[in-house]
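Here is how the chains run, residue by residue.
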Amino acid sequence: MQDAVRYQWADEATRLLKDRQDARALEILDKLIIAYPNREDLLVSRAYCLSRLGRHDEAAAIHRNLSQHAASSERVQRLGLFISKKAGPVFAASAGPSP
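Residues numbered from 1 in each chain as written. Predicted model: local features only at pLDDT ≥ 70, side-chain atom pairs only at ≥ 80, totals over all residues. Heavy atoms only, no water.

## Quick notes on the confidence of the model for the chain
- Scored by pLDDT, the chain has a mean of 86; 85% of the residues are at 70 or more.
- Mean pLDDT values for the elements of the chain range from 60 in helix 6 (residues 89-95) up to 95 in helix 2 (residues 22-35). (pLDDT = per-residue confidence, 0-100. Helix = DSSP H or I, 4+ residues; strand = E, 2+ residues; numbered from the N terminus.)

## Description of the packing of aromatic side chains
- Counting across every chain of the model gives one aromatic pair.
- One cation-aromatic arrangement involves Arg-6 over Tyr-7; the distance from NZ or CZ to the ring centre is 4.3 Å.
- Positioned over the ring face of Trp-9 is Lys-31, at 5.5 Å from the centre of the ring. (Phe/Tyr/Trp six-rings, centres within 6.5 Å; stacked < 30°, edge-to-face > 60°. Lys NZ or Arg CZ within 6 Å of the ring centre and 35° of its normal.)

## Quick notes on the environment of Tyr-7
- Relative to the assigned elements, Tyr-7 resides in helix 1 (residues 3-18).
- In this structure the C-alpha to C-alpha distance between Tyr-7 and Leu-32, which are 25 residues apart in sequence, comes to 9.7 Å.
- In this structure the side chain of Tyr-7 is engaged in a polar contact, spanning 3.0 Å, whose partner is the side chain of Arg-6. (Polar contact = N/O pair within 3.5 Å; in protein donor to acceptor, adjacent residues only side chain to side chain.)

## Comments concerning the nonpolar core
- Cys-49, Ile-62, Leu-66 and Leu-79 are the most contacted members of the largest nonpolar core, which totals 22 residues.
- Listed by contribution, the elements that provide at least two residues to this core are helix 1, helix 2, helix 3 (40-52), helix 4 (56-69) and helix 5 (74-87). (Core = buried A, V, L, I, M, F, W, Y, C linked by side-chain atoms within 4.5 Å. Buried < 20%, exposed > 50% of the residue type's maximum accessible area, 1.4 Å probe, protein only.)

What follows is the structure, encoded as structure tokens:
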């Protein structure tokens, strides 16, 4: 994927997220993640979309993976708080015990 196209898609996904058009944003994020599977910003945005769409288990799985491999950046910590507010006990149960 060319950088210009990636930036265009990323801008569009950001706009859609701000407009709460999560299903459409998720489609774009999924395409970007295929090209850039380890980009924390894309994965965090995808998890936000999933959680807002009620797909908390998938969002929690992304959070769990990022927490283990991304040295828990502030962005990942904020994601965890967001998911826990949206999913409540479902997220707490899927998060497992604290290290």
